[in-house]
Amino acid sequence: MRIYTHAACLKHSGGIGHPESPARLAAVLDGLRGAGLRGVEWCEAPPATRAQLRLAHAESLLERVLDTPIHGSLQIDADTAMNEDSPEAAQRAAGGVCAAIDAVLHGDCTRAFCAVRPPGHHATADTAMGFCLFNSIAVGAAHAIARHGLQRVAIVDFDVHHGNGTQDIFEHDGRVLYLSTHQRNIYPGTGLPWERGVGNVLNVALPEGSGGDAFRAAYTHTLLPELDAFRPQLLLISAGFDAHRLDPLAGLNLDADDYAWVTRELVALAQRHARGRVVSALEGGYSLTALRDCSLAHVRALLD
Ligand SMILES: [Zn+2]
């Protein structure tokens, strides 16, 4: 498998003390590099082209993120800001996902993990928000359809927050199935069970305090059967690790084992329908310890 990353992703900062910090990615990379994983090829994430970004985003958002002069920092919303390195980081986060998709669809590898930041799943077609500038996984899904002609792409989002941006971008496009597990009644407030798009959106909102049993039951009884029925040609993962019990921003109680379990289930599903092809991209996760452990457990399960 391949791991895509880039040094620019370590330089983006939303300000001193911001929870979505460069230290997050450093922890992920430390864990992965320190584990001495066999069968991993490390690759540089290329920048997404403007044409790729436009597949999921309005020109106005490209101009805001890529063309606005930044002197020190640029505030996007109450909790999202950019520094001089942010445009390149955002472009390489999305470009890494596109390159990983090209690699699995060309048969260069079967699975890939994009160790990138900023995260992406809150960015809508025209709005950067919630620590996210471009919606990398959505750009990747749109690229898989536009460039490779896929007809069925599934996105599974197990970040503790609902991926409102991903849902916004695809809720009218039946070629993409968007499935999310997240914590009920926290940011961004979307992801209610009756939000179904054109039948291509499925949200499971777990109550605060839910642990691995509830999480696994949601996949076993609800999400995995929906995925099986959809028969995705490519499986994408919005891999946020902020549902871990140590996370300071949320209140679910998952462990690294739960992330390993769900990853194995998704790999098995991809083997049934998608020739094993899975591309995963880092989203949230704000406990550095949990982030290191969970991303390693996730990548180990992708490797199996
Ligand atoms: Zn999150």
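Refer to the structure above for everything that follows.
What counts and what doesn't
Residues numbered from 1 in each chain as written. Predicted model: local features only at pLDDT ≥ 70, side-chain atom pairs only at ≥ 80, totals over all residues. Heavy atoms only, no water. Helix = DSSP H or I, 4+ residues; strand = E, 2+ residues; numbered from the N terminus. Expected span 1.5 Å × (residues − 1). Bend = angle between axes of the 7 residues up to and from the residue. Contact = heavy atoms within 4.5 Å. Polar contact = N/O pair within 3.5 Å; in protein donor to acceptor, adjacent residues only side chain to side chain. Salt bridge = Lys/Arg side-chain N within 4 Å of Asp/Glu carboxyl O. Buried < 20%, exposed > 50% of the residue type's maximum accessible area, 1.4 Å probe, protein only. Donors = N, O, S within 2.8 Å, 3.2 Å for Na, K, Ca; no water. Tetrahedral: all angles 85-135°; square planar, octahedral: opposite > 155°, others 65-115°. Pairing = 2+ DSSP bridges. Axes fitted to C-alpha atoms, helices over the stretch in contact; angles between N-to-C directions.

A. Focus on helix 7 (residues 212-230). Relative to the 27 Å expected for 19 residues at 1.5 Å per residue, helix 7 spans 25 Å between its end C-alpha atoms, a close match to the ideal helical length. Taking the largest bend as the criterion, helix 7 deviates by roughly 40°, centred on Tyr219. Structurally, helix 7 contributes buried residues whose contacts are with strand 6 (153-157), strand 7 (176-183), strand 8 (201-206), strand 9 (234-239) and helix 8 (256-273). Once helix 7 finishes, Arg231 follows within two positions and takes phi at roughly 55°, a positive value.

B. Inspection of the side chain of Asp258 at higher detail. Secondary-structure assignment places Asp258 in helix 8. Polar side-chain contacts of Asp258 include one of 2.9 Å to the side chain of Arg216. When neighbours within four sequence positions are excluded, Asp258 is seen to be in contact with Gly212, Phe215 and Arg216.

C. Examining the pattern of salt bridges more closely. In total, this model carries 13 salt bridges according to the counting rule given. A salt bridge links Glu59 to Arg54, with the shortest nitrogen-to-oxygen separation between them at 2.6 Å. The class of Glu59 is partly exposed, set by a relative accessible area of 30%. Residue classification places Arg54 among the partly exposed residues on the basis of a relative accessible area of 42%. When the shortest N-O distance is used, the salt bridge between Asp258 and Arg216 registers 2.9 Å. Here Arg216 lies in helix 7 and Asp258 lies in helix 8, a separation of 42 residues in the sequence. A single network of salt bridges, built from pairs that share partners, joins Arg50, Arg54, Glu59 and Asp67.

D. Seen up close, the environment of Leu269. Here Leu269 shows up in helix 8. Not counting the four nearest positions on each side in its chain, Leu269 is found in contact with Leu224, Leu227, Asp228 and Pro232.

E. Highlighting the coordination of the zinc ion. At the metal site, the zinc ion is ligated by Asp159 (OD), Asp159 (OD), His161 (ND1) and Asp242 (OD), and these contacts range over 2.0 to 2.8 Å. Coordination at the zinc ion is irregular, judged from the four donor atoms that bind it and the angles of 53 to 154° they form at the metal. Along the chain, the residues that donate to the zinc ion are spaced as D-x1-H-x80-D. For His161, a relative accessible area of 8% corresponds to the buried category.

F. Representation of the sheet that holds strand 6 within the structure. The strand order across the open sheet formed by eight strands is 2-1-5-10-9-6-7-8, and the pairing between neighbours is parallel. Two strands lie at the open edges of the sheet, namely strand 2 (41-44) and strand 8, each paired on one side alone. On average, each strand axis in the sheet is inclined to that of its neighbour by 15°, with strand direction left out of account. Note that strand 1 (residues 2-5) and strand 5 (residues 111-114) share three bridges and pair parallel.

G. The pairing of strand 5, seen in detail. Residue alternation in strand 5 divides its side chains into two sets, Arg111 and Phe113 and Ala112 and Cys114, and both sets are buried. As judged from the four bridges shared by strand 5 and strand 10 (residues 278-282), these two strands associate in the parallel manner. From the neighbouring strand, Cys114 faces strand 10, where its bridge partner is Ala281.

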